[in-house]
Amino acid sequence: MFARRSRLPLAAVSLFILAACTPSASVSPSGSFGAGSSASTATGGTVRVGIGGSPDSLNPGDGLLSEAYTLYELVYDTPITQAPDGSYQPELAKEWSVSDDGLTWTVHLVDNATFHDGTPLTSADLKYSLELYRDTTDFPYLSSYPDVFKTITAPDPTTVTITTSEPVGNFESRMAFIYVLPKHIWEKQADPVAFDNAAMIGSGPFKLIENKQGEFTRLAANDDYWNGRPNVDGVIFQTIANPDARVTALTNGDVDMLTEFPNTAVPTLRNAANVKVVISDPVSGSLRDIIFNVTEPANCPKDDPATTAKDETGVCSGHPALRDRAVRQALAQATDKQQLIDVALVGLGSPGLSMVPPGLGDWYAGDVQDWAYNVDAANQALDTAGYRDTNGDGIRECKAGQDCPTGDLTFRFNYANDIDTAAREAELIQQMWSKVGVHIDVTGLDPDTLTSVCCPAFDYDVIMWGWGSDPDPAFLLGVAICSEISTGFSESGYCNPAYDDLYQQQGVQTDHAARVDEIHQMQQILVTDSPYIIPFYQKAVQAYRTDRFIGWLDGPKSLGFEDPTSLTVIRPVQ
């Protein structure tokens with residue numbers, strides 16, 4: 001699932017509320033791209049990175065997949081960024097502060113940043129970007145970050161002031177994903193959603209040279225980068241869809257680094273010459289999720305004839321039994337999360353609970369009781385709910401009055417086929433659920449097709465995908481609010497007014513302890529209502545060649561080797 005799954009997301013880091021917890025404080029953390037861990041002084045060379053997918057859009061507003069957000073992080077700057085230790089640090093914003101009443105934020109920008117075409121980056125560009133993201137509701141993700149910013153002004157070339165109607169408790173995390181766009185290019189576009197942004201002019205450490213969808217993306221170092229030129233000359237992201245071929249490419253030296261590969265390949269790579277495997281905890285975390293289509297007919301998205309917006313009519317063909325909470329709870333009890341971890345991840349993960357991974361620290365609701373794996377209890381729950389196998393074919397029939405497509409609990413089960421282990425995971429789930437009289441017809445789909453049947457079409461029964469988490473829990477928890485059903489952000493069609501009320505409360509809560517409590521209550525609701533099953537949280541498993549480049553940030557906590565924190569500081573082996 002920032003993006004989905006391989007969807008976003010975005011860079012993942014632990015949340016450290018800085019100014020939000022001390023509203024009158026001025027925040028000016030120190031730090032920039034480091035010098036790397038190597039004693040080498042060599043520069044140059046092109047890093048070849050093997051990836052499993054491709055960016056779905058060069059337009060930051062439109063991007064859904066993590067491969068796209070990897071590019072955005074390298075080509076664009078944001079006002080605030082995150083370090084591998086989880087702290088917020090300055091990027092374009094050299095400092096920021098908030099008024100005593102918590103309603104007005106003042107951001108002071110660096111004065112030496114320029115876009116790739118040589119145009120100076122000023123406060124007008126940040127103002128324009130914030131307003132564009134806020135007001136373009138057809139942008140699937142980025143519109144949610146500045147949505148609480150009421151007025152935005154640029155009183156001088158390096159100052160931006162932002163006012164909100166109520167205090168916000170996560171200002172830093174909102175600004176960390178505002179990719180600053182060049183106003184002089186974007187303001188000429190009649191439709192920012194349709195803009196392909198083929199030139200991809202940003203102000204970041206790398207410039208786009210060429211992108212061939214499904215093949216490769218080539219970047220060159222920005223020689224004039226305001227924060228210091230990267231040590232390498234360029235990066236090529238090579239799409240290698242077959243996971244075994246990806247592993248072979250690294251061992252043969254055809255690529256220098258892999259962002260992802262099956263955990264089963266870890267022993268092979270560990271035994272390969274000049275290859276280092278790094279297993280780390282993502283700073284925020286990533287998760288696998290099983291999504292149930294619970295869209296009520298009354299909530300099915302419909303076109304608004306008063307607008308010219310894209311067609312958002314929902315199909316809403318979900319199996320009616322999945323709108324029964326008892327069925328979802330029984331399937332949660334029938335899912336052996338530890339077996340999925342042991343078999344699919346070779347043990348490199350931890351059991352899932354909610355949409356908030358443990359990497360988010362105290363936002364993670366470790367106190368919430370999950371549904372324990374218990375096949376007998378799951379069978380009893382389905383019996384009690386009225387789903388029985390009267391014909392002895394091993395599949396329970398629907399209850400009287402349910403208009404089921406096949407008359408029984410047979411569900412369509414789709415997964416993203418760019419996830420290396422997804423096919424095996426789906427096979428295991430099929431076996432698990434068959435023990436409680438539920439059958440799934442499994443089909444792998446490419447991410448674009450999966451998106452099209454997912455949201456807001458809701459033309460599916462069950463989907464398995466994954467998310468990389470934001471540093472703040474609000475982003476992923478926002479996927480379950482009622483208002484997102486028609487936008488394409490909600491994946492499940494879930495709607496619970498009590499959940500929505502808590503979501504609104506946490507959004508304006510500046511007391512950290514109180515906000516933590518509200519976030520925990522929301523996670524309890526999601527576990528109880530079970531619109532999702534979270535099988536596990538993954539560890540990050542990546543690998544690189546040691547004979548090509550050195551200085552990779554390969555500590556126990558990681559933003560990923562494809563992040564600027566590594567790609568700007570590595571150097572060629574002398």
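Residues numbered from 1 in each chain as written. Predicted model: local features only at pLDDT ≥ 70, side-chain atom pairs only at ≥ 80, totals over all residues. Heavy atoms only, no water.

Novice: Please provide a residue-by-residue account of the overall build of the protein, values included.
Specialist: Across its full length, the protein carries 15 helices and 23 strands. Relative to the 2.2 N^0.38 estimate, which gives 25 Å for 574 residues, the radius of gyration of the protein is 24 Å and therefore close to what a compact globule would have. Its C-alpha atoms put the protein at 75 × 60 × 45 Å along the principal axes. A total of 574 residues make up the protein; the buried ones form 59% of that total. In the form shown here, the protein has an accessible surface area of approximately 20800 Å², with 49% of it arising from carbon and sulfur atoms. A distance of 4 Å separates the average location of the 37 positive side-chain charges in the protein from that of its 75 negative side-chain charges. (Helix = DSSP H or I, 4+ residues; strand = E, 2+ residues; numbered from the N terminus. Rg over C-alpha atoms; globule rule 2.2 N^0.38 Å. Buried < 20%, exposed > 50% of the residue type's maximum accessible area, 1.4 Å probe, protein only. Areas by Shrake-Rupley, 256 points an atom, 1.4 Å probe, with all protein chains shown as cover. Lys, Arg positive; Asp, Glu negative; His and termini not counted. Charge placed at Lys NZ, Arg CZ, Asp CG, Glu CD.)

Novice: Could you give me a rundown of the pattern of salt bridges, with the residues and numbers involved?
Specialist: Any two side chains of opposite charge can pair, so long as their charged atoms come close to each other. Within this structure, the stated rule accounts for 21 salt bridges. Notably, a salt bridge pairs Asp233 with Arg229, separated by 2.9 Å at the nearest N-O pair. Asp233 gets classed as partly exposed once you look at its relative accessible area, which sits at 37%. Taking relative accessible area as the criterion, Arg229 reaches 33% and is therefore assigned partly exposed. Between Arg246 and Asp420 there is a salt bridge, with the nearest N and O atoms lying 2.9 Å from each other. Placement of Arg246 in helix α5 (residues 243–252) and of Asp420 in the loop between β16 (410–416) and α10 (422–434) is noted, with a sequence separation of 174 residues between them. Asp420 sits in the partly exposed class, given a relative accessible area of 24%. Among the charged side chains, a salt-bridge network with shared partners connects Arg48, Asp256 and Arg548. (Salt bridge = Lys/Arg side-chain N within 4 Å of Asp/Glu carboxyl O.)

Novice: Give me the lowdown on the state of the cysteines, citing residues and values where you can.
Specialist: For the structure shown, the criterion picks out four disulfides. Linked covalently through their sulfurs, Cys300 and Cys316 form a disulfide whose S-S length is 2.1 Å. Measuring the twist about the S-S bond at about 100°, one finds the Cys300-Cys316 disulfide to be right-handed. Residue Cys300 is located in the loop between β14 (286–292) and α7 (325–333), and its partner Cys316 is located in the loop between β14 and α7; the two are separated by 16 residues in the primary sequence. Note that Cys482 is cross-linked by a disulfide to Cys495, the S-S spacing being 2.0 Å. Measuring handedness by torsion sign, the sulfur bridge of Cys482 and Cys495 sits at about 95° and is right-handed. Here the residue Cys482 occupies a position in the loop between α12 (474–477) and α13 (497–507), and Cys495 occupies one in the loop between α12 and α13, the gap between them amounting to 13 residues. Residue Cys495 is classed as partly exposed on the basis of its relative accessible area of 34%. What connects to what in the protein, once the bonded cysteines are numbered by sequence position, is 1-2, 3-4, 5-6, 7-8. (Disulfide = S-S within 2.5 Å.)

Novice: Go over the pairing of strand β2 (residues 46–51), please, and point to the residues and values.
Specialist: Bridge count for β2 against strand β11 (residues 234–239) is six bridges, and the pairing is parallel. Opposite Ile51, over in β11, you have Thr239 as the bridge partner. When β2 meets strand β12 (residues 257–258), the two strands line up parallel, connected through two bridges. What sits directly across from Val49, in β12, is Met257. (Pairing = 2+ DSSP bridges.)

Novice: Would you mind going over the environment of Lys276 in detail, with residue names and values included?
Specialist: Relative to the helices and strands, Lys276 resides in strand β13 (residues 275–282). The exposure class of Lys276 is partly exposed, given its relative accessible area of 35%. On a C-alpha basis, the gap between Lys276 and Asp554 in space is 9.8 Å, while along the polypeptide they are 278 residues apart. Separated by 2.9 Å, the side chains of Lys276 and Asp554 make a polar contact. (Polar contact = N/O pair within 3.5 Å; in protein donor to acceptor, adjacent residues only side chain to side chain.)

Novice: Can you explain the sheet that holds β12? Please cite residues and give values.
Specialist: In a beta sheet, neighbouring strands pair by backbone hydrogen bonds and run either parallel or antiparallel. Across the sheet, which stays open at both edges, the eight strands sit in the order β9-β10-β11-β2-β12-β20-β13-β22 with mixed pairing between neighbours. Edge strands, defined here as strands with exactly one partner in the open sheet, are β9 (206–212) and β22 (557–558). Where helix α1 (residues 66–75) meets the sheet, its contacts fall on β2, β9, β10 (216–221) and β11, and the angle it forms with β10 comes to roughly 10°. Packing against the sheet, α5 makes contact with β2, β12, β13 and β20 (540–545), and its axis sits at approximately 35° to β20. (Contact = heavy atoms within 4.5 Å. Axes fitted to C-alpha atoms, helices over the stretch in contact; angles between N-to-C directions.)

Novice: So what's going on with the nonpolar core? Which residues, and what values?
Specialist: Counting residues in hydrophobic clusters, the biggest one holds 149 residues, and the most contacted among them are Phe171, Met175, Leu331, Phe411 and Trp433. Those residues within four positions of Met175 in sequence are excluded, and the remaining contacts are Thr78, Pro79, Ile80, Val107, Leu126, Leu130, Phe149 and Ile162. If you look at the next biggest cluster of nonpolar residues, it comprises 16 residues, including Val247, Phe261, Val275 and Ala543. (Core = buried A, V, L, I, M, F, W, Y, C linked by side-chain atoms within 4.5 Å.)

Novice: Outline the sheet that holds β16, supporting the account with residue identities and numerical values.
Specialist: On the basis of which strands lie adjacent, the open sheet formed by six strands has the order β15-β19-β14-β18-β16-β17 and mixed pairing. Here the strands that pair on one side only, and so sit at the sheet edges, are β15 (349–351) and β17 (439–445). Going from strand to strand, the sheet's axes swing by 25° on average, the running direction of each strand aside. Examined bridge by bridge, β14 and strand β19 (residues 532–538) share five bridges and lie antiparallel to one another. Bridged to Ile291 within β19 is Tyr532. The strands that helix α8 (residues 337–344) touches are β15 and β19; relative to β19, the one it contacts most, it runs at about 40°.

Novice: A description of α10 should follow, citing residues and the corresponding values.
Specialist: When the terminal C-alpha atoms of α10 are compared, their 18 Å separation across 13 residues agrees well with the 18 Å that a helix rising 1.5 Å per residue should span. Burial in α10 covers these residues: Ala422, Glu425, Ala426, Leu428, Ile429, Met432 and Trp433. For α10, the arc enclosing every buried residue in end-on projection is 160°, short of the 170-degree limit, so these residues lie on one face. (Expected span 1.5 Å × (residues − 1). Arc of directions from axis to C-beta.)

Novice: If you had to explain the environment of Val346 to someone new, which residues and values would you point to?
Specialist: You can see Val346 is positioned in the loop between α8 and β15. If we skip the residues at most four places from it in the chain, Val346 touches Asn263, Thr264 and Ile341.

Novice: Requested: an account of the packing of aromatic side chains, with residues and values cited.
Specialist: A ring pair, where both rings are aromatic, is described by two values, the distance of the centres and the angle of the planes. Counted under the stated rule, the structure contains 25 aromatic pairs. A centroid spacing of 6.5 Å and a plane angle of 50° characterise the contact between Tyr69 and Tyr179, whose relative ring orientation is tilted. Taken together, the residues Tyr69 in helix α1 and Tyr179 in the loop between α3 (171–175) and α4 (183–186) connect sequence positions 110 residues apart. Since its relative accessible area comes to 0%, Tyr179 is described here as buried. Ring pairing ties together the aromatic residues Tyr69, Tyr72, Tyr76, Tyr141, Tyr145, Phe177, Tyr179, Trp467, Phe475 and Phe489, which thus form one cluster. (Phe/Tyr/Trp six-rings, centres within 6.5 Å; stacked < 30°, edge-to-face > 60°.)

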